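# Results of the structural survey
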Amino acid sequence: MSNFSIELKDISKSFGSIQANKNVNLKIKKGTIHGIVGENGAGKSTLMSILYGFYEADSGTIYVNGKETTIKNSTDAIKAGIGMVHQHFMLVENFTVLENIILGAESGMILSKSIKNATSEIKNLEKSYGLYVDLDARIDTIPVGQQQRVETIKALYRGAKILILDEPTGVLTPQEADQLFDILRALKDQGTTVVIITHKLREIMDLTDSVSVMRAGEIVDSLETSKTSKEELAELMVGRKIRMNLEKSSAKTGETLIDVNKLGLTDSSGIRRLDNLNFQVKAGEIVGIAGVSGNGQSELLEILCGILPCSDGKIKISDITITPTNQTKPDKIRHAGIAHVPEDRLKRGLIPQFSASESSILGYQNSSSFNGIAFTRTDAIRSHCISIMKDFDVRPQNPDIKSANFSGGNQQKLILAREMERSPKVLLVGQPTRGVDIGAIEFIHKQIIQMRDKGSAVLLVSGELDELITLSDRIIVMFDGKIVGEVDANKTDEKELGLMMTNSHEQKNGQKYE
Amino acid sequence: MEFALNDILSILAATIRLSTPLIFAAMAGIFSERSGVVDISLEGKLLAGAFAAASMAAYTGSAWLGLGAAIITGMILSLIHGFASITHKGDQVVSGVAINIIVSGLTVVLGMAWFHRSGQTPTLTSDSRFMPIQLPGVDAISNIPFIGEIYSKLISGHNLLVYIAFASVAFTYWVLFKTRFGLRLRAVGENPKAVDTAGISVSFLRYRAILIGGILTGIGGTYISIAQNASFIKDMSAGQGYIALAAMIFGKWKPVPAMFSCFLFGFLEALSMRMQGVVIPYIGEVPVQFIQAAPYILTVVLLAGFVGRAIAPKADGIPYVKER
């Protein structure tokens, strides 16, 4: 038997003119956790999809446990003992957990028998790896962290000895991510080989035994994790030295541009989503909002940009006043110089089916420079798009490509370009770098700081604590719809924020935020 | 009193007879749409089945061969629909409408070519049709008041295909919810990617689902031409495929509720026949046109307002494309 679970030799794959994988060689030792890092579009997911039979490689050979294996489809992969936890879960939402697990691996024609057989087997898996889920719950009623467990159990139930996870922590809270890592370690201890794709270097350092770095479709290096560092990996990923810590001068604040007063929100089912929020953001500063996702940050952002109406309180944002009885429509707010970079770029930021040039004017589509008497001025829109693409280094620099076909980072840059090019007075930014590669993150961070230095008030909601600490001047922490603390970004660290986000910190100086 | 019971029983018996083709088509629709293939061609398949059954029965004199011909015809049309919309990932509605139009024209043309009767098939004798059958024990209990009458007038005395229609509802339920095939079929209509990554062929599953639909519509078509009627007449399915589609949606893609909504549409149809010329107190005689339109008006009203949120299978109508 071979020492290696997986051996890839000279794997190449191209989509049309794009070479997604080029002569990839990779060896993964049995019973280890192996990380694959790289920027978005570096070819990580393609490579793993080849291994799981979703794509077929143009050339190259795959060896599984030392044996040459042809993987034409998922069935072949499953037979070879490979399981995959996809980035976008492959679950049937209105099925129960159990039904999802047995789907395709039923033990017979009649369901009730399969279910009986499966239940005890799954209980064993649960026990040995700490993978607890409610088997009878419907998928759409359980949180994403649980859904991911279902995906994992699905793979193990099919007898996977090699488990591939594609960006598993993107959707998880820090706690859920920790639990996942515990599970993965347990799997490793019992002999499963784990391959994890990520672009979060911290996870690589914490979890893996060895790591491969991909760049532009090639593996640039494979290293022992213990013998490398975040900095080295980052450099390998982008192919140049990057600063992990951004330099920025201290804030020169001006007039108050956002003034939130006793803001509250009760949703349609009567649950208090936001309660008694009070804070200000001045011109020339970046205020970060920290919080475990789902604690009201998204709602706050949506109220400020006019998407959601608030239930009580009063907001003054630039020259606009928002109260429960006096709602202002999002387009009015936008035209008053308040730009909004939404958290979910594919749902709210742009229209995936539209061309880049069309997406580049969304929200400003009524502006006279884009419109003739009866028709839109296509040329003006295209040249506008090309110019902002240049400014923000959006690649490829082609205004006619569908928005959906840009990588995440470039979509985000396009949205930021659209919102920032008018030098807004207030910039509301949600998750500016979610799913964005390191090179683009650096660029986006610089742009946001530039906006601040030009005198904009920036409100930043982000799930990445290091991002909040790097960018913000002040950080407000939310928990359960309330503000539970505020810290100076220069004087805090991830640990303190983490405690505050879970509301387990001690109130400082007798300050009460209730 | 006795007169009233008789009246009700005869309307209900008519309801069952009129619902039968709807039930076949609705079950066919459930198989197809639960697997993610929108099937607007139910109408065309019913009509084609009706024509095939009537032609074969007229030619051979055998109702059973007629049924066989209709089933094969339904399956062939399903394969065409599948070839366009599963294999080649074409638009399912366009493919379905195309089938409806082709069938509507082709049945008339073939009918003229084969039987020289302006698109009709010859009138069949009763031994080449499916005739009403008496269930066992009818004579014994028909004299018992009420129960006996219900048994002899409502439950007994239909042709075999009516009973098969009821069996098809149970069959559909069992297959969908109690078998491995059903689990996979429902999954493929919700999230074909999940099925694909579980190592099951999406296309093969969908083909099997629509083939079952073809069989069921074939039987439904047979019922229309050689059980309910005695010959094929141009466009005799008369929108029943569409009504069945509505009933299926009204029944939220579930076999038993869909059967009941078929009953509802059948009942309205039966009522409208009965109500023609009847003078209703205070209102007077309701115009025939209005009564005939009632089922269709109801369709719109029900679908617009009373269904609640009819949640279709998520991948319904979306061809599965694996690679970008």
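From a predicted model like this one, the values you see are computed outputs, not experimental measurements.

### Section: the overall build of chain A
- Of regular secondary structure, chain A possesses 17 helices and 20 strands.
- Relative to a compact globule of 514 residues, whose C-alpha radius of gyration would be 24 Å, chain A shows 25 Å and is just as compact.
- Dimensions along the principal axes, computed over C-alpha positions, put chain A at roughly 70 × 50 × 50 Å.
- The 514 residues of chain A split such that 54% are buried.
- When contacts within chain A are restricted to residue pairs at least 6 apart in sequence, those whose partners lie at least 24 apart make up 65%.
- For chain A, the accessible area works out to roughly 22,600 Å², and carbon and sulfur atoms hold 47% of it.
- Each charge sign in chain A was given a centre, from 62 positive and 66 negative side chains, and these centres are 1 Å apart.

### Digging into the packing of helix α7 (residues 160-178) of chain B against helix α12 (residues 255-275) of chain B
Residue and element names in this part refer to chain B.
- Look at α7 against α12: their axes get within 9 Å of each other, and the N-to-C directions meet at 155°. Compared by their axis directions, α7 and α12 come out roughly antiparallel. Contact residues: Phe166, Val169, Thr172, Tyr173, Leu176 and Phe177 in α7; Pro255, Val256, Met259 and Phe263 in α12.

### Digging into α7 of chain B
- The end-to-end C-alpha distance of α7 of chain B, which contains 19 residues, comes to 26 Å, matching closely the 27 Å that a straight helix rising 1.5 Å per residue would cover.
- Here α7 of chain B starts with a cap whose side-chain oxygen sits 3.0 Å from the backbone nitrogen of Leu161 of chain B, and that cap is Asn159 of chain B.

### What about the environment of Leu51 of chain A?
Residue and element names in this part refer to chain A.
- Considering the arrangement of structural elements, one finds Leu51 in helix α1 (residues 44-51).
- Judged by its relative accessible area of 1%, Leu51 is buried.
- Once residues lying within four places of it in the same chain are set aside, the contact partners of Leu51 are Ile6, Leu8, Ile62, Ile71, Ala77, Ile82 and Ile164.

### A closer look at the state of the cysteines
- Across all of its chains, the model carries zero disulfides over all chains by this definition.
- Lacking any disulfide linkage, Cys305 of chain A is separated from the closest cysteine sulfur, that of Cys310 of chain A, by 12 Å.

### A look at the packing of helix α13 (residues 378-391) of chain A against helix α14 (residues 408-420) of chain A
All names here are of chain A.
- Where α13 meets α14, the axes come as close as 9 Å, and the angle between the chain directions of the two elements is 110°. Taken together, the axes of α13 and α14 are roughly perpendicular relative to one another. Note on element contacts: α14 touches α13 through Leu414, Ala417 and Arg418, opposite Cys385, Ile388 and Met389.
- Residues belonging to the contact of α13 with α14 are distributed by class as follows: five nonpolar, no polar and one charged.

### Considerations on the sheet that holds strand β5 (residues 67-69) of chain A
Residue and element names in this part refer to chain A.
- Strands sit in the order β2-β1-β4-β5 across an open sheet of four strands; the sheet is antiparallel. Sheet topology places β2 (18-29) and β5 at the edges, where each strand pairs with a single neighbour. Looking at each pair of strands side by side, their axes are set apart by 25° on average, direction ignored.
- Of the pairings in the sheet, the one linking strand β4 (residues 59-64) to β5 comprises three bridges and is antiparallel in character. From the neighbouring strand, Val64 faces β5, where its bridge partner is Lys67.
- Strands β1 (4-15), β2 and β4 of the sheet are contacted by α1, whose axis makes an angle of about 115° with β1.

### Some points on the sheet that holds strand β17 (residues 426-430) of chain A
All names here are of chain A.
- If you walk across this open sheet you meet the six strands as β16-β17-β18-β13-β19-β20, and the pairing is mixed. Either end of the sheet is taken by a strand with one partner, and the two such strands are β16 (338-341) and β20 (482-488). For this sheet, the mean angle separating the axes of adjacent strands, direction not counted, is 15°.
- Relative to strand β18 (residues 457-461), strand β13 (residues 286-290) runs parallel, the two sharing four bridges. The partner of Gly288 across the bridge, within β18, is Leu460.
- In the packing of helix α15 (residues 438-453) onto the sheet, the strands contacted are β13, β17 and β18, and the crossing angle to β13 comes to about 130°.

### Observations regarding the packing of aromatic side chains
All names here are of chain B.
- As enumerated under the stated definition, the model contains 10 aromatic pairs over all chains in all.
- Centre to centre, the rings of Trp64 and Phe130 are 5.1 Å apart; their planes meet at 80°, and the pair counts as edge-to-face. With Trp64 in helix α3 (residues 63-87) and Phe130 in the loop between α4 (92-115) and α5 (138-141), this pair connects stretches of sequence that are 66 residues apart.
- Residue classification places Trp64 among the exposed positions, given a relative accessible area of 53%.
- On the basis of an interplanar angle of 45° and a centroid distance of 5.2 Å, the ring pair of Tyr173 and Phe177 is categorised as tilted.

### A word on the side chain of Ser359 of chain A
All names here are of chain A.
- Relative to the helices and strands, Ser359 resides in helix α12 (residues 356-359).
- Looking at Ser359, its side chain comes within polar contact range of the side chain of Ser403, at 2.8 Å.
- Beyond its immediate chain neighbours, meaning those up to four positions away, Ser359 contacts Leu350, Ile351, Phe354, Ser403, Leu414 and Arg418.

### Concerning unusual backbone geometry
- Here the amide bond leading from Arg395 of chain A into Pro396 of chain A is cis, since omega sits at -5°, within 30 degrees of zero.
- Within the element layout of this structure, Pro396 of chain A appears in the loop between α13 and α14.
- A positive phi angle is found at Lys89 of chain B, which is not glycine, with a value near 55°.
- Examined against the element boundaries, Lys89 of chain B turns out to sit in the loop between α3 and α4.

### Digging into the interface of chain A and chain B
- Across the contact, 30 residues belong to chain A and 24 residues belong to chain B.
- Between the two partners, chain A and chain B, sit two salt bridges.
- Between Glu106 of chain A and Arg184 of chain B there is a salt bridge, and its shortest N-O distance comes to 2.6 Å.
- Our count for the chain A to chain B interface comes out at nine residue pairs in polar contact (both at pLDDT 80 or more).
- When residues of the side of chain A that touches chain B are assigned to their parent elements, the largest contribution, three residues, is made by helix α2 (residues 74-79) of chain A.
- Per-class residue counts for the side of chain A that touches chain B are 16 nonpolar, eight polar and six charged.

### Quick look at the side chain of Ser41 of chain B
All names here are of chain B.
- In this fold, Ser41 is placed in the loop between α1 (2-34) and α2 (42-60).
- In this structure Ser41 comes out as buried when scored by relative accessible area, which is 0%.
- At 2.4 Å, the side chain of Ser41 forms a polar contact with the side chain of Asp39.
- If sequence neighbours within four positions are ignored, Ser41 has contacts with His81, Gly96, Ile99 and Asn100.

### Here we look at the pattern of salt bridges
Residues and elements named next belong to chain A.
- On inspection of all chains with the given rule, the structure shows 29 salt bridges over all chains.
- Here Arg272 and Asp312 are joined by a salt bridge, their closest N and O atoms 3.0 Å apart. Pair noted here: Arg272 is in strand β12 (residues 272-282) and Asp312 is in strand β14 (residues 312-317), with a separation of 40 residues, a long-range link.
- Relative accessible area serves as the criterion here: at 27%, Asp312 is assigned to the partly exposed category.

### Describing α4 of chain B
All names here are of chain B.
- Here α4 is 24 residues long and its end C-alpha atoms lie 33 Å apart, about the 34 Å a rise of 1.5 Å per residue gives.
- When we look at burial in α4, the residues that qualify are Gln92, Ser95, Gly96, Ile99, Asn100, Val103, Thr107, Val108, Gly111 and Phe115.
- Phi turns positive, to about 50°, at His116, one or two residues after α4.

### A look at the pairing of strand β6 (residues 82-85) of chain A
Residues and elements named next belong to chain A.
- What you see with β6 is no split at all: Ile82 and Met84 on one side and Gly83 and Val85 on the other are buried throughout.
- Judged from the four bridges that link them, β6 and strand β7 (residues 162-166) form a sheet pairing that is parallel. Counted as the bridge partner of Val85 is Leu165 from β7.

Here is what the cut-offs are and how they apply
Along every chain, residues carry numbers that run from 1 in the direction the sequence is written. Chains carry letters and ligands carry numbers; both start at the beginning, A for chains and 1 for ligands, and go up in the order they are written. The predicted origin of the model limits local features to residues at a pLDDT of at least 70 and limits the giving and counting of side-chain atom pairs to 80 or more, whereas totals for whole chains, interfaces and linings rest on all residues. Only heavy atoms go into the side-chain values, all of them from the structure, while hydrogens and water stay out. Numbering of helices and strands starts at the N terminus; helices are DSSP runs of H or I of at least 4 residues and strands are runs of E of at least 2. Taken over C-alpha atoms, the radius of gyration is set against a globule rule of 2.2 Å times the number of residues to the power 0.38. In this scheme, a residue with accessible area under 20% of its type's maximum is buried, one over 50% is exposed, and one in between is partly exposed, where area comes from a 1.4 Å probe on protein chains only. Only heavy atoms matter for contacts: two residues are in contact if any of them lie within 4.5 Å across the pair. Per-residue and other accessible areas follow the Shrake-Rupley method at a 1.4 Å probe size, with only the shown protein chains counted as cover for residues. We treat Lys and Arg as the positive residues and Asp and Glu as the negative residues; His and chain ends play no part in the count. By convention, the charge on Lys lies at NZ, on Arg at CZ, on Asp at CG and on Glu at CD. Axis definition: a line fitted to C-alpha atoms, over the contacting stretch in the case of helices. Angles run 0 to 180 degrees between N-to-C directions. We call two directions roughly parallel when the angle between them is under 35 degrees, roughly antiparallel when it is over 145, roughly perpendicular when it lies between 65 and 115, and oblique otherwise. Multiply 1.5 Å by the residue count of a helix minus one, and that product is the helix's expected span. Under this definition, polar contacts are N or O atom pairs within 3.5 Å; protein pairs additionally need one hydrogen-donor-capable and one acceptor-capable atom, and for neighbouring residues in sequence, both atoms have to be side-chain atoms. Any two cysteine sulfur atoms lying within 2.5 Å of each other are counted as a disulfide. All residues other than Ala, Val, Leu, Ile, Met, Phe, Trp, Tyr, Cys, Pro, Asp, Glu, Lys and Arg, Gly among them, are scored as polar; the first ten of these are nonpolar and the last four charged. Paired strands, as defined in this entry, are two strands with at least two bridges between them according to DSSP. Here a Phe, Tyr or Trp ring, Trp counted by its six-membered ring, pairs with any other such ring whose centre lies within 6.5 Å, and the pair is stacked when the planes are under 30 degrees apart, edge-to-face when over 60, and tilted otherwise. A pairing counts as a salt bridge when a side-chain nitrogen of Lys or Arg comes within 4 Å of a carboxyl oxygen of Asp or Glu.

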